[in-house]
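Descriptive structure summary
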Amino acid sequence: MANTMTTHTVLVTGVTGYIGGRLVPLLLEAGQRVRVMARDLTRLEGRSWLEQVEMVSGDVLQPDTLDKALEGIEVAYYLIHSMRGGENFHERDIQAARNFGVAAQRQGVKRIIYLGGLGEDESNLSEHLRSRQQTGDALREAGIPVTEFRAGVIVGSGSLSFEMIRYLTERVPVMICPRWVYTRIQPIGIRETLDYLVSALATPESTGRIIEIGGAEVITYRDMMLGYAKARYLRRFMIPVPLLTPRLSSYWVHWVTPIPADIARPLIEGLRNEVIVRDSSAREIFPNIQPVSFDVAVSRALDKL
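Before going into details, it helps to say that this report is about the structure given with it.

Criteria and thresholds
- Residues numbered from 1 in each chain as written.
- Predicted model: local features only at pLDDT ≥ 70, side-chain atom pairs only at ≥ 80, totals over all residues.
- Heavy atoms only, no water.
- Core = buried A, V, L, I, M, F, W, Y, C linked by side-chain atoms within 4.5 Å.
- Buried < 20%, exposed > 50% of the residue type's maximum accessible area, 1.4 Å probe, protein only.
- Helix = DSSP H or I, 4+ residues; strand = E, 2+ residues; numbered from the N terminus.
- Contact = heavy atoms within 4.5 Å.
- Salt bridge = Lys/Arg side-chain N within 4 Å of Asp/Glu carboxyl O.
- Pairing = 2+ DSSP bridges.
- Axes fitted to C-alpha atoms, helices over the stretch in contact; angles between N-to-C directions.
- 1 Å grid on protein atoms, 1.4 Å probe; cavity = no way out; pocket = protein on both sides within 12 Å on 5 of 7 lines; lining within 4 Å.
- Points joined across faces, edges and corners; volume = space filled by probe spheres on them.
- Nonpolar A, V, L, I, M, F, W, Y, C, P; charged D, E, K, R; others polar.
- Parallel < 35°, antiparallel > 145°, perpendicular 65-115°, else oblique.
- Left-handed = near helix turned anticlockwise from the far one by under 90°.

Considering the nonpolar core
Core analysis: the largest hydrophobic core is formed by 40 residues, its most contacted members being Val12, Tyr77 and Phe149. For this core, the secondary-structure elements that each account for two or more residues are strand S1 (9–12), helix H1 (18–29), strand S2 (33–38), strand S4 (75–78), strand S5 (111–117), strand S6 (146–151), helix H6 (190–199) and helix H10 (281–285). Ranked by residue count, the leading element in this core is H1, at six residues. In contact with Tyr77, other than residues within four places in its own chain, are Val10, Leu11, Val12, Thr13, Leu23, Leu27, Ile113, Leu197, Val198 and Leu201. If you look at the next biggest cluster of nonpolar residues, it comprises 36 residues, including Leu125, Val153, Met164 and Leu271.

With respect to helix H7 (residues 221–231)
Burial in H7 covers these residues: Tyr221, Met224, Met225, Gly227, Tyr228 and Ala229. On the buried face of H7, the contacting elements are helix H5 (160–171), strand S8 (174–177), strand S9 (184–185), strand S12 (219–220), strand S13 (237–240) and helix H11 (294–304).

Remarks on the pattern of salt bridges
For the structure shown, the criterion picks out 12 salt bridges. In this structure, Arg150 engages Glu148 in a salt bridge whose closest nitrogen and oxygen atoms are separated by 2.9 Å. Accessibility classification places Arg150 together with Glu148 in one group, the buried group. One salt bridge in this structure joins Glu192 and Arg300, with 2.8 Å as the shortest N-O distance. Here the residue Glu192 occupies a position in helix H6, and Arg300 occupies one in helix H11, the gap between them amounting to 108 residues. The class of Arg300 is partly exposed, set by a relative accessible area of 23%. Overlapping salt bridges bring together Asp137, Arg140, Glu148 and Arg150 as one network.

What to know about the side chain of Thr169
If you trace the backbone, Thr169 turns up in helix H5. Residue classification places Thr169 among the buried residues on the basis of a relative accessible area of 0%. The contact partners of Thr169, leaving out residues within four places of it in the chain, are Met175, Met225, Tyr228, Ala229, Leu234 and Arg236.

Concerning the sheet that holds S1
Reading across the sheet, the seven strands line up as S3-S2-S1-S4-S5-S6-S11 and stay open at both edges, with parallel pairing between neighbours. Looking along the sheet, the strands with just one partner apiece sit at the ends: strand S3 (54–57) and strand S11 (210–212). Here the strands of the sheet are splayed against their neighbours by 20 degrees on average, with no regard to which way each runs. Where S2 meets S3, four bridges bridge the pair, whose relative direction is parallel. Residue pairing for S3: Val36 is matched across the bridge by Met55. With respect to the sheet, H1 is in contact with S1, S2, S4 and S5, its orientation differing from that of S1 by roughly 165 degrees. Contacts from helix H3 (residues 89–106) reach S1, S4 and S5 within the one sheet, and its direction differs from that of S4 by about 175 degrees.

A closer look at H1
Along H1, the residues that are buried comprise Tyr18, Ile19, Gly20, Gly21, Leu23, Val24, Leu27 and Leu28. Structurally, H1 contributes buried residues whose contacts are with S1, S2, S4, S5, strand S7 (154–155) and H6.

Topic: the pairing of S4
Because side chains alternate across S4, one face comprises the buried residues Val75 and Tyr77, and the other comprises Ala76 and Tyr78, equally buried. When S1 meets S4, the two strands line up parallel, connected through three bridges. Counted as the bridge partner of Val12 is Tyr77 from S4. Note: S4 against S5, four bridges, orientation parallel. Residue pairing across strands places Ala76 opposite Ile112, the latter belonging to S5.

Let's talk about the layout of surface pockets
The space that makes up the second largest pocket amounts to roughly 460 Å³. Lining the second largest pocket we find 21 residues, and of these Leu26, Ile190, Arg191, Leu194 and Lys304 sit closest to its centre. Among the elements of the structure, H1, H6 and H11 are those that each provide at least two residues to the lining of the second largest pocket. Here the residues of the lining of the second largest pocket sort into 11 nonpolar, three polar and seven charged.

Details of the packing of H3 against helix H4 (residues 127–140)
Packed helices, taken two at a time, are described by the angle their axes make and the gap between the axes. Taken N-terminus to C-terminus, the directions of H3 and H4 make an angle of 15 degrees; their axes are 8 Å apart at the nearest point. Of the possible angle classes, the one that applies to H3 and H4 is roughly parallel. The hand of the H3/H4 crossing is right-handed. For the pair H3 and H4, the contacting residues are Phe89, His90, Asp93, Ile94, Ala97, Arg98, Phe100 and Gly101 in the first and Glu127, His128, Ser131, Gln134, Thr135, Ala138 and Leu139 in the second. Here the contact of H3 with H4 is built from residues that sort into six nonpolar, six polar and three charged.

Printed below as a string of structure tokens:
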């Protein structure tokens, strides 16, 4: 990839998060000039790639900090998404994206690449999933071409959705489960997710597109938990209970896993929505990326744990 890809000056936001922190070394390997932005740069201490990047402090909710971060940038990766800090997280997400888009337009950024969430626009989307899609809309308001990848559950060690499934399966032999365990999903491996994000730089056909990405199969959350249990040689039993509300489910997740209830609740409310790929354009635009099955993605994730 590094031999054929044009070199760009790239900004990566959200580098203290799961995706951003893994994306940076791949961009460097592909020969890109990388600048990273974070509110608190001390949180990046210990990263192996620090000496190879330019670091700048910036906060998407403080617009006056963004011009310095975006100056001279050709392509910006927007990987910021809040879930904590009160009921209005979706409003902050949208305002943050607007601030970023305006500053990017002012600094002459040519393109934004954003990782959002799957879910049919016209369906009864949860606030969490709707905010992911509205964030993409807010980024586009400034007029800069946005490549918006939409993914569901990302399978990898450190992914919040996957870690929730992992902890529940590891710690509860008999699970009293709400009806969302039967929701259809199309989980994607972290390796393929990052491949899409990096490959977009060398794929002009992806510019200005909404691209749905997923794994090789459509399964349910029940399948995912039982598949994880099989990979770990665990015997697990699941008893569905239709009256377990998202609020009660979030407390249950909080008691059983390290995930706080205020993060678990918006996440769980989104589990009622099917998150599956309905547009095959990813295969046409990126024919060299071959999504793998959930079992393969889990095996890779367990190798990293």
